[in-house]
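The residues making up each chain are set out below.
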Amino acid sequence: MDELLRAGFAALGLPLDAAALARFQTYYTLLDERSKVMNLTAIHGETDVAQLHFLDSAALLTVEPLAGKSVIDVGTGAGFPGLALKIACPDMELTLLDSLDKRIGFLRDTCALLGFDDVRCIHARAEEAPEQLRAGFDIACSRAVARLNLLCELCLPLVKKGGAFIAMKGPDCADELNAAKRAIKLLGGEVEDVKKYLVPGTDATHSAIIIRKTADTPAKYPRRWAQIKKQPL
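Residues numbered from 1 in each chain as written. Predicted model: local features only at pLDDT ≥ 70, side-chain atom pairs only at ≥ 80, totals over all residues. Heavy atoms only, no water.

Helix α3 (residues 46-58) packs onto helix α1 (residues 2-12) with a crossing angle of 30 degrees between their chain directions and a minimal axis gap of 10 Å. Taken together, the axes of α1 and α3 are roughly parallel relative to one another. Classified by chirality, the crossing of α3 by α1 is right-handed. When α1 is examined against α3, the residues L4, L5, G8, F9 and L12 are found in contact with a partner set consisting of E46, T47, A50, Q51, F54, L55 and A58. (Axes fitted to C-alpha atoms, helices over the stretch in contact; angles between N-to-C directions. Helix = DSSP H or I, 4+ residues; strand = E, 2+ residues; numbered from the N terminus. Parallel < 35°, antiparallel > 145°, perpendicular 65-115°, else oblique. Left-handed = near helix turned anticlockwise from the far one by under 90°. Contact = heavy atoms within 4.5 Å.)

This next bit is on the environment of A167. Counting through the fold element by element, A167 comes out in strand β5 (residues 159-169). Here the alpha-carbon distance between A167 and R224, two residues 57 residues apart in the chain, equals 21 Å.

Attention now moves to unusual backbone geometry. A cis amide bond links F80 to the next residue, P81, at an omega of 10 degrees. Secondary-structure assignment places P81 in the loop between β1 (70-74) and α4 (82-88). With an omega of 5 degrees, the peptide bond between Y221 and P222 qualifies as cis. If you trace the backbone, P222 turns up in the loop between β7 (205-213) and α9 (225-230). Positive phi values are uncommon outside glycine, yet A135 reaches one of about 50 degrees. Relative to the assigned elements, A135 resides in the loop between β3 (120-123) and β4 (137-143).

Most of β4 sits out of view: six of its seven residues are buried. Inspection of the sheet shows β1 paired to β4 by three bridges, in the parallel sense. Counterpart to V71 in the pairing with β4 is I139. Handedness of the β4-helix α6 (residues 148-155)-β5 crossover: right-handed. (Buried < 20%, exposed > 50% of the residue type's maximum accessible area, 1.4 Å probe, protein only. Pairing = 2+ DSSP bridges. Right-handed = clockwise from strand over helix to strand, strands pointing away.)

This part is about the nonpolar core. In this structure, L5, F54, L83 and F106 are the most contacted members of the largest nonpolar core, which totals 54 residues. Aside from chain neighbours lying at most four places away, what touches L5 is L16, L21, F24, A50, F54 and L55. Grouped together as the second largest cluster of nonpolar side chains are 33 residues, A140, L150, A180 and A183 included. (Core = buried A, V, L, I, M, F, W, Y, C linked by side-chain atoms within 4.5 Å.)

Any functional reading would require information beyond the geometric quantities listed.
Below is the structure:
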């Protein structure tokens, strides 16, 4: 795994030190062990985890600088992209949010093993997140959680004015982006850029949609999940 990560970080133009390599290995070992008894990820094996989880997550550092910023990973699952980003960029301030308590338990155990006592792991649905999280972050990110028009209502309320929501999507996100235009505007956002990147060592091209928070999100959002799904903005 070390060689895959070294080559991948070099391809991304990102630094990777011995401490980060050791942490990625520890993360992988615990992920592999716990995945045998609980549903954490459909991706298995050192090569696929290194490329499709660790390197795919780290690629966000080529999209937006995160050092010194407060970041929340919404619907983090087994910690992607948030925890992998924290390993690559320890200077960020990270909050991991997920609706499944067993995943949060796994993340707390992993953070303890990695020596990250400054990572907050919160068990909550995004639309029911504690009020103190609202407009509390420089960056919100999310990967493979929902379609963009729904995801914006979950994530943009958490972002400070001037901050950004970064949605990780597949290579062709034009339709999703078009369907989300009204939601983005209503929620106080503005599409800044769509950056494509190749996941190192693979032929997979992914997209990072950067939505800048230009105005406060109206207090009535987010609505309950049933309403968000039934009546998307």
